[in-house]
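# Coordinate analysis (summary)
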There are 4 protein chains.
Amino acid sequence: MPLARGGTRTEHSTLNRVARYPREMEASGGFDDKRAPVQNANGRTDCRLANAVTAEVETTSMTRVTVWNENVHEQEHEAVADLYPDGIHGAIASALAERGFDTETATLQEPEHGLTEDVLAETDVLTWWGHAAHDQVDDEVVSRVKERVLEGMGLIVLHSGHYSKIFRELMGTTCSLKWREAAETERLWVVEPGHPIADGVEEYIELPETEMYGERFDIPAPDTLVFNSWFEGGEVFRSGCCYRRGAGRIFYFRPGHETYPIYHNEAIQQVLANACDWAAAGNGPEPSFGNADPIEAIDESDDRSVH
Amino acid sequence: MPLARGGTRTEHSTLNRVARYPREMEASGGFDDKRAPVQNANGRTDCRLANAVTAEVETTSMTRVTVWNENVHEQEHEAVADLYPDGIHGAIASALAERGFDTETATLQEPEHGLTEDVLAETDVLTWWGHAAHDQVDDEVVSRVKERVLEGMGLIVLHSGHYSKIFRELMGTTCSLKWREAAETERLWVVEPGHPIADGVEEYIELPETEMYGERFDIPAPDTLVFNSWFEGGEVFRSGCCYRRGAGRIFYFRPGHETYPIYHNEAIQQVLANACDWAAAGNGPEPSFGNADPIEAIDESDDRSVH
Amino acid sequence: MPLARGGTRTEHSTLNRVARYPREMEASGGFDDKRAPVQNANGRTDCRLANAVTAEVETTSMTRVTVWNENVHEQEHEAVADLYPDGIHGAIASALAERGFDTETATLQEPEHGLTEDVLAETDVLTWWGHAAHDQVDDEVVSRVKERVLEGMGLIVLHSGHYSKIFRELMGTTCSLKWREAAETERLWVVEPGHPIADGVEEYIELPETEMYGERFDIPAPDTLVFNSWFEGGEVFRSGCCYRRGAGRIFYFRPGHETYPIYHNEAIQQVLANACDWAAAGNGPEPSFGNADPIEAIDESDDRSVH
Amino acid sequence: MPLARGGTRTEHSTLNRVARYPREMEASGGFDDKRAPVQNANGRTDCRLANAVTAEVETTSMTRVTVWNENVHEQEHEAVADLYPDGIHGAIASALAERGFDTETATLQEPEHGLTEDVLAETDVLTWWGHAAHDQVDDEVVSRVKERVLEGMGLIVLHSGHYSKIFRELMGTTCSLKWREAAETERLWVVEPGHPIADGVEEYIELPETEMYGERFDIPAPDTLVFNSWFEGGEVFRSGCCYRRGAGRIFYFRPGHETYPIYHNEAIQQVLANACDWAAAGNGPEPSFGNADPIEAIDESDDRSVH
């Protein structure tokens, strides 16, 4: 029986805080008795286990990631197709699925670029790869994605996606940078080892062949800088940048290229998985906006308003 | 002899670090030996002249502030016109001029809203007041202002300007909030007393009659939060927010309203002056973007590029 | 079979990223076959389950929280003892245990204040409540706690703990503030609804009777401000503040008092649970410090060093 | 005629916003009558002039920088003495004096390390160089400096000063890092071109021979990151870091070494001057702390306080 995408934001958030079980548990009727609440030696019930197995069983779900790719280089260049036979989106989706995410892909060529209202409504985290066709992305789709990010959907912007409409609209700056394609060494140093996006990563990730991106990177200063890159040719780059916008979390991750096998690198895959975990929507309050009654008793007799 | 707006970014930045000279000095060939105060064409003595140090004479200038206002309420409501007989822009410009700034005003009704390429090129800091006519601001002018901010022009966004096109484009979020017009008390607490925008201000500024703005304010977390407001009706609001975008500095300042005499308040005027000082463009490097040669000697023989 | 506190930082961090199982699994040799990798309806193996059940079985555990309290008011004042019959530590530990944490308590009166090397080594998150006896906390214990925080242990500092040695040492500032005990209303507004510490919380938490804390709060600007408080008497306060220090995450949470029933409030308990989840140590790289060989081939013949 | 150090914090702040006069103006009796308050053509007195010329004449002054150095290597190693015949402190003080600062020096060997209450009271910005003798700095002096920083004195921490008591106490972390002495190339990239500390600097500063400092640098994430360094041997480093602590501004600047001629480099000198300008104390409110009466009328009859 296929898994239907039925999670809601509230349900998902539960799994962030309690435990993560595969959705087939829901389909199969839940865990068996052996997973029922247990007591430890001094009689204390282990609440988390109890929560996970009983009260929460029907509401938890895997994090749903939609992997978007413009999918142009793969169609036009044999070298790229050889490197990514299932497309860059296929490589990323596969790496994430292997790490426990519920993944779907979407590409520029699909109707509404595969990013319909329904798809976005069922997406916890969207990853974005684009390069040659930024201007072919429909403005309406960009607005739709932006709205969902501000509502709480996570967004992982990859490599040349720095110049996508969606990233530039969310940042408010040009997002320009320096670049060079010379298959040179990049070393991504972890500058914030306590950040969950650095989980399971060594002190640095070394990539022997990369496109260089160099500062000045015209972005707002990130809320948290996780990676800082060194390039063989002499440049540095803020290569792992966290932002909060609205209720959404955004991570820009520099590595990735159409002609270098970056997305086959295990450490890069690990960071992508960490980022999807970090960016998945929470369960915070939905803010209310607009005209508001006072909470405290105040004199409301003023009538000077001109509108 | 009229004052020509002849300063350049480089010239201005000098004055930030050394001293501030009136612009006529450049035209007139510099100060005389006695360093005596001089008058400009309309007879106003420029106090900054007193500060003159000879070596810097030909390069420095006053900070040039352009005060923009949509100027709609003033035309339509007598109560507003009574409160601000010279318009909100007139009140702000006058307060800034008294504090040593070289001010001009511009309004929605002027051609290109008074924000031509030439005007912006000669503006160090732009202040923005809008409320009823945000959607009447031409998109091309918004783009022009945004470009100038990213190049280094300061931007002070006032009160209901939170919902202007320019602020929302630079922030990347909805900039929504709660509001109420009940002439209630606001108390702006200084939370960062070491910030220059708090210079000369007491521990808090109390405004007896204000429109309430309440959290959640849907903005990116400010780089620095300077003021934090308390409202009689029970809300709080981040009311003084600093941002860097591109090479520009942006300050959002909450107080200000068309039917309350906020801009006649001296402490508010002081903050506006401080903000203009803080936001005035510096003299940092102009970043270069795009394809870049390596600085270090590296192997550039890779030919896998597909574009 | 008793739960032994046997987790290590590495083990624990796995659970943050993969799944959370009770620690008795480790002792019992792992899950039985029924929990082996399963396939979903369309035949795809669910990788997360596979990971969790096989490779990771022996390494995961619940988040271990040690709840520290100076436990002085409870001994000296009947009113406090009546409000918190198990001590403030007992109330907090109980609330966290109900929400799935593996909790222990420790108090000032115990040898080494209950914070031995062993206890800290097995603590993922430490919560800290102190007020009347900050100066009785041994400097050596403070150093030990600080070291563990920098290594990655989470720290939740509560209410009057703002003035504890450990918080002031980690912040580097005085951590002074204004205060008043008048049983007045506090309203904690969520200013960052997308932050996990705001999960499950309404737009604001209202506490009818609190001690007031007011700005200026002399702390470094928080990395993330989650809550912003309004007080009946006219003040505001940054009441939920996130920091990263070393590999550790620190959360300061203002509410809480010895004579008001703050820790019996469900929303407050929810925030405490969220904060413990957020602050639990990750699995990032352990940084290496000191003299380092070059990674790239460089000329190392320089002999000018004077030490 | 010697210059007396007579400025106060309040007095000094005026000069930040208005202009900077050499102190000999004070000694010579100030400006002559021709510079007295004047009126402009429409009869309005130019307030800034009035301020500057009358009330402030005897109180404004140049920014007073005290350049501190442990001054050990210079005494023990001829190579260092040859490079810095007046000591590192002498080289820095000279560079700052040439750029318009009122400089004094102080060293470890002086009574109270030259940092008496009086000296600190008359210091707007303190620069700190130490390396071999951090542990010889008296704790009382460290406390005194820290207190002054929190009150508003600027602090510029240089190179190996990262490991000084004062920096570590203000940061709350270990401030550890990687290092190597191999006279390798460093390139400091400007990542925040709109920040005043980058004024007059090119896109990067290249230093042909430096000691390497590498990440992980165990500091709190800086409020603003201005420089990001590339090293020949393969490392990166956050090399220009701004912080606010209390009312004080702190800048850590990486370059600088006892056996490389870093402080003779003009771009480095420019950054030091910019940093002293940026860090100079403002004129914000002095916060009040402790028990506070309510501002609003509230019921204060609660008598549950236990202290």
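Residue positions within a chain follow its written sequence, with the count starting from 1. Going through the entries in the order they are written, you letter the chains from A and number the ligands from 1. Where local features are concerned, this predicted model is filtered to residues with pLDDT of at least 70; where side-chain atom pairs are given and counted, the filter is 80 or more; whole-chain, interface and lining totals use all residues. Excluding hydrogens and water, the side-chain figures rest on all heavy atoms present in the structure.

With that out of the way, let us pick up the overall build of chain A. By definition, any uninterrupted DSSP run of H or I lasting at least four residues is a helix, any uninterrupted run of E lasting at least two residues is a strand, and each is numbered from the N terminus. Summing up its helical and strand segments, chain A has ten helices and ten strands in all. Counting contacts in chain A only where the partners sit at least 6 residues apart, residues at least 24 apart contribute 71% of the total. With residues, only the protein chains shown are counted as cover, and all accessible areas are computed by Shrake-Rupley using a 1.4 Å probe. With an accessible surface of roughly 10100 Å², chain A has 46% of that area assigned to carbon and sulfur atoms. Residues count as neighbours in contact if any of their non-hydrogen atoms are within 4.5 Å of one another.

One side-chain nitrogen of Lys or Arg within 4 Å of one carboxyl oxygen of Asp or Glu is enough to make a salt bridge. Within this structure, the stated rule accounts for 64 salt bridges over all chains. For C:Glu215, the salt bridge goes to C:Arg238, with nearest N and O atoms at 2.8 Å. Residue C:Glu215 is located in the loop between β6 (204-214) and β7 (224-231), and its partner C:Arg238 is located in strand β8 (residues 236-245); the two are separated by 23 residues in the primary sequence. The classification of residues rests on relative accessible area computed with a 1.4 Å probe and restricted to protein chains. Under 20% of the type maximum is buried, over 50% is exposed, and intermediate values are partly exposed. Owing to a relative accessible area of 0%, C:Glu215 belongs among the buried residues under this scheme. The exposure class assigned to C:Arg238 is buried, which follows from its relative accessible area of 3%. The salt bridge partner of D:Glu186 is D:Arg254, with a shortest N-O separation of 2.5 Å. On the criterion of sequence distance, the pair formed by D:Glu186 in strand β5 (residues 178-190) and D:Arg254 in the loop between β9 (248-253) and α10 (266-279) is long-range, its members being 68 residues apart. The class of D:Arg254 is buried, set by a relative accessible area of 1%. Salt bridges here are not isolated pairs; linked through shared partners, they connect A:Glu112, A:Glu117, A:Glu140 and A:Arg144.

On the side of chain A, 53 residues touch chain B, which itself brings 54 residues to the contact. Here chain B is connected to chain A by zero salt bridges. Polar contact is defined as a pair of N or O atoms within 3.5 Å, subject to the rule that within protein one atom must be able to donate a hydrogen and the other to accept it, and that residues adjacent in sequence are counted only when both atoms are side-chain atoms. Where chain B meets chain A, there are 24 residue pairs in polar contact (both at pLDDT 80 or more). For the side of chain B that touches chain A, the secondary structure elements donating two or more residues are α7 (139-151), α8 (165-171), β5 (178-190), β6 (204-214), β8 (236-245) and β10 (290-291) of chain B. In terms of residue count, β5(B) provides more of the side of chain B that touches chain A than any other element does, seven residues in total. For the side of chain B that touches chain A, the class distribution of residues is 18 nonpolar, 16 polar and 20 charged. Two strands are counted as paired when DSSP detects at least two bridges linking them. Two elements, strand β5 (residues 178-190) of chain A and β10(B), share two bridges in a ladder whose sense is parallel. Across the sheet, the residue bridging to A:Trp179 is B:Asn291, located in β10(B). Polarity classes work like this: nonpolar for Ala, Val, Leu, Ile, Met, Phe, Trp, Tyr, Cys and Pro, charged for Asp, Glu, Lys and Arg, and polar for all others, with Gly in that last group.

Right, let's get into the packing of aromatic side chains. A ring pair, where both rings are aromatic, is described by two values, the distance of the centres and the angle of the planes. Working definition: rings of Phe, Tyr and Trp (its six-membered ring) pair if their centres are within 6.5 Å, and the pair is stacked with planes under 30 degrees apart, edge-to-face with planes over 60 apart, and tilted otherwise. All chains considered together, the criterion is met by 38 aromatic pairs over all chains. Look at B:Phe217 and B:Phe237: their rings are 4.6 Å apart centre to centre, the planes differ by 25°, and that puts the pair in the stacked class. Residue B:Phe217 is found in the loop between β6 and β7 (224-231), and its partner B:Phe237 is found in strand β8; the two are separated by 20 residues along the sequence. In this pair, the class of B:Phe217 matches that of B:Phe237, namely buried. Aromatic rings pair up to connect A:Phe167, A:Tyr213, A:Phe217, A:Phe237 and A:Tyr252 into one cluster. Either the NZ atom of lysine or the CZ atom of arginine qualifies as a charge over a ring when it sits within 6 Å of the ring centre and within 35 degrees of the ring normal. Here the basic side chain of B:Arg168 rests over the ring of B:Tyr163, its NZ or CZ set 4.8 Å away from the ring centre.

This next bit is on the packing of helix α6 (residues 87-98) of chain C against helix α10 (residues 266-279) of chain C. All names here are of chain C. Direction vectors running N to C along α6 and α10 enclose 70°, while the axes themselves pass 9 Å from each other. When the axes of α6 and α10 are compared, the pair comes out roughly perpendicular. Contacts from Ile-92, Ala-95 and Leu-96 in α6 reach Gln-269, Leu-272, Ala-273 and Cys-276 in α10. Here the contact of α6 with α10 is built from residues that sort into six nonpolar, one polar and no charged. Convention adopted: a line fitted to C-alpha atoms gives each axis, helices being fitted over their contacting stretch, and angles between N-to-C directions are expressed from 0 to 180 degrees. Here is the rule for angles: anything less than 35 degrees is roughly parallel, anything more than 145 is roughly antiparallel, 65 through 115 is roughly perpendicular, and the remaining ranges are oblique.

What sets the superposition is a least-squares fit of C-alpha atoms, and only residues with pLDDT of at least 70 in both copies go into it. For these two chains of identical sequence, chain B goes onto chain A by a turn of 180° and a shift of 0.0 Å along the axis, with RMSD 0.1 Å. Such a turn and shift between the copies fits a two-fold axis. The C-alpha atom lying nearest the rotation axis in chain B is that of B:Gly172; the distance is 2.6 Å.

With an omega dihedral of 5°, the bond running from B:Glu215 to B:Arg216 counts as a cis peptide bond. By the element assignment, B:Arg216 lies in the loop between β6 and β7. In this model, A:His159 sits at a positive phi of 50°, which is unusual for a non-glycine residue. Topologically, A:His159 is positioned in the loop between β4 (154-158) and α9 (165-171). Taking the relative accessible area as the measure of exposure, A:His159 reaches 1% and is therefore buried. The phi angle at C:Cys175 is positive, at roughly 60°, despite the residue not being glycine. Here C:Cys175 lies in the loop between α9 (165-171) and β5 (178-190). When its relative accessible area of 0% is taken as the criterion, C:Cys175 is described as buried.

Moving on, we get to the environment of B:Val226. In this structure, B:Val226 sits in strand β7. In the structure, B:Val226 is positioned 36 residues away from B:Val190 in sequence and 5.8 Å away in space, judged by C-alpha atoms.

Quick look at the pairing of strand β8 (residues 236-245) of chain A now. Residues and elements named next belong to chain A. Taken across its ten residues, β8 has ten buried, putting it largely inside the fold. Pairing analysis gives six bridges linking strand β7 (residues 224-231) to β8, with the strands arranged antiparallel. When the bridges of β8 are listed, Thr-224 appears paired with Cys-242. The loop that links β7 with its antiparallel partner β8 comprises four residues; one of these, Gly-234, has a positive phi angle of about 120°. Bridge count between β8 and strand β9 (residues 248-253): six bridges; the pairing is antiparallel. Within the sheet, the bridge partner assigned to Gly-240 lies in β9 and is Phe-253. A loop of two residues connects β8 with β9, the two strands running antiparallel in sequence, and Gly-246 in this loop sits at a positive phi of about 60°.

Glancing now at the side chain of C:Glu235. In this fold, C:Glu235 is placed in the loop between β7 and β8. Residue classification places C:Glu235 among the buried residues on the basis of a relative accessible area of 1%. Ignoring anything within four residues of it in the chain, the contact list for C:Glu235 reads B:Trp189, B:Trp230, C:Arg180, C:Met212, C:Gly214, C:Ser229, C:Trp230, D:Asp293, D:Pro294 and D:Ile295.

Along strand β1 (residues 64-69) of chain A, six of the six residues are buried, which leaves the element largely enclosed by surrounding structure. In β1(A), alternate side chains face the same way, and those of A:Arg64, A:Thr66 and A:Trp68 on one face and A:Val65, A:Val67 and A:Asn69 on the other are all buried.

Turning our eyes to something else, we now look at helix α5 (residues 87-98) of chain B. Residues and elements named next belong to chain B. With twelve residues, α5 extends 17 Å between its outermost C-alpha atoms, agreeing within 8% with the 16 Å of an ideal straight helix rising 1.5 Å per residue. With ten of its twelve residues buried, α5 lies for the most part within the structure. Gly-100, located one to two residues past α5, shows a positive phi value of around 95°. In a helix, the anticipated span is given by 1.5 Å times the number of residues less one.

Residues and elements named next belong to chain A. Looking at chain A as a whole, its pLDDT mean stands at 83, while 80% of the residues score no less than 70. Confidence of the predictor in every single residue is expressed as pLDDT, which spans 0 to 100. Of the regions scoring below 50 in pLDDT, residues 1-59 engages in 140 contacts with residues more than four places distant in sequence or in other chains. Taken together, the chains of this predicted complex give a pTM of 0.85 and an interface ipTM of 0.82.

Turning our attention to helix α8 (residues 139-151) of chain D. All names here are of chain D. Compared with the 18 Å implied by 1.5 Å per residue over 13 residues, the 18 Å span of α8 between its first and last C-alpha is a close match. Taken residue by residue, α8 has Val-141, Val-142, Arg-144, Val-145, Lys-146, Arg-148, Val-149 and Leu-150 as its buried positions. Of the residues flanking the start of α8, the one acting as N-cap is Asp-138, its side-chain oxygen 3.0 Å from the backbone nitrogen of Glu-140. Just downstream of α8, Gly-152 is the residue with a positive phi angle, here 135°.

By volume, the largest pocket amounts to about 920 Å³. Using a grid of 1 Å spacing that covers the protein atoms alone, one calls a set of points a cavity when a 1.4 Å probe fits there but cannot get out, and a pocket when the set is open and has protein on both sides within 12 Å along at least five of seven lines; lining residues are those with an atom within 4 Å of a point. If you go around the largest pocket, you meet 31 residues; those closest to its centre are A:Lys146, A:Glu147, A:Leu150, B:Thr173 and B:Thr174. Contributing elements (two or more residues each) for the lining of the largest pocket: α8 (139-151) and α9 of chain A together with α7 and α8 of chain B. Lining the second largest pocket we find 18 residues, and of these C:Lys146, C:Glu169, D:Lys146, D:Arg168 and D:Glu169 sit closest to its centre. When contributions to the lining of the second largest pocket are tallied by element, the ones reaching two or more residues are α8 (139-151) and α9 of chain C together with α8 and α9 (165-171) of chain D. Residues that form the lining of the second largest pocket fall into these classes: three nonpolar, six polar and nine charged. Grid points are joined across faces, edges and corners, and a volume is the space filled by probe spheres set on the points.

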